[in-house]
Amino acid sequence: AGKGDLKTLVKALIAGTTGEEIEREASSIFPIKDCYIRKVKVIKKPKFDVTALMEWHTDDGQDVGQNVAPAVPEETVAGSGGRL
């Protein structure tokens with residue numbers, strides 16, 4: 001995919017334009033129909049960039065989740081759990 005950052009590569013793979021590009025380039029050799037990329041393997045480990053990591057995982061301090069109801073204790077019946 002050439003040089004570039006991981007974010008642009010992921011956007012290009014999700015958009016599906018890479019498969020169409022492969023179809024166009026290979027059409028002179030062999031006609032390809034319905035070319036999709038389903039798996040990608042990273043061969044060379046990218047340089048670790050802390051700012052890019054923080055850009056992907058931003059936390060503004062606000063809790064956006066919902067409260068969970070407290071667990072209700074269950075009553076056990078004698079003889080229902082196996083050996084006594």
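Quick notes on the rules
- Residues numbered from 1 in each chain as written.
- Predicted model: local features only at pLDDT ≥ 70, side-chain atom pairs only at ≥ 80, totals over all residues.
- Heavy atoms only, no water.
- Helix = DSSP H or I, 4+ residues; strand = E, 2+ residues; numbered from the N terminus.
- Buried < 20%, exposed > 50% of the residue type's maximum accessible area, 1.4 Å probe, protein only.
- Patch = residues over 30% accessible without salt bridge, like charges linked within 9 Å, V, L, I, M, F, W, Y side chains within 5 Å.
- Areas by Shrake-Rupley, 256 points an atom, 1.4 Å probe, with all protein chains shown as cover.
- Salt bridge = Lys/Arg side-chain N within 4 Å of Asp/Glu carboxyl O.
- pLDDT = per-residue confidence, 0-100.
- Contact = heavy atoms within 4.5 Å.

Undergrad: What should I look at first to understand the overall build of the protein in this one?
TA: The helix and strand inventory of the protein stands at 3 helices and 0 strands. For the protein, the sequential pattern of α-helices and β-strands runs α-α-α. Within the span of the protein, comprising 84 residues, buried residues form 4% of the whole.

Undergrad: Mind showing me how you'd approach a nonpolar patch on the surface here?
TA: Taken together, the side chains of I22, I29, F30, I32, I37 and V40 make up a nonpolar region of the molecular surface, amounting to roughly 590 Å² of accessible area. Residue position: I32 is located in the loop between α2 (17-26) and α3 (50-56).

Undergrad: What's the story with the confidence of the model for the protein in this structure? I'm lost.
TA: Low pLDDT means the predicted atomic positions in that stretch should not be read closely. Mean pLDDT over the protein: 77, with 77% of residues reaching 70 or higher. Taking the mean pLDDT of every element in the protein, the minimum, 75, falls on α3 and the maximum, 88, on α2.

Undergrad: Help me understand unusual backbone geometry, please; the structure alone is not making it clear to me.
TA: Comment: phi is negative for the bulk of residues other than glycine, and the bulk of peptide bonds are trans. For D34, which is not a glycine, the phi torsion comes out positive at approximately 55°. With respect to the element layout, D34 can be found in the loop between α2 and α3.

Undergrad: Hey, could you run me through the environment of V40 in this one?
TA: Looking at where V40 falls in the secondary structure, it is placed in the loop between α2 and α3. For V40, a relative accessible area of 53% puts it in the exposed group. Residues V40 and L13, 27 residues apart in the sequence, show an inter-C-alpha distance of 9.2 Å.

Undergrad: Would you explain the environment of I22 in this entry?
TA: In this fold, I22 is placed in helix α2. Overall, I22 belongs to the partly exposed group, its relative accessible area being 36%. Excluding residues that lie within four positions of it along the chain, I22 makes contacts with C35 and I37.

Undergrad: I'm lost on the environment of I37 in this one. Help?
TA: Secondary-structure assignment places I37 in the loop between α2 and α3. Residue I37 is classed as partly exposed on the basis of its relative accessible area of 38%. When neighbours within four sequence positions are excluded, I37 is seen to be in contact with L13, T18 and I22.

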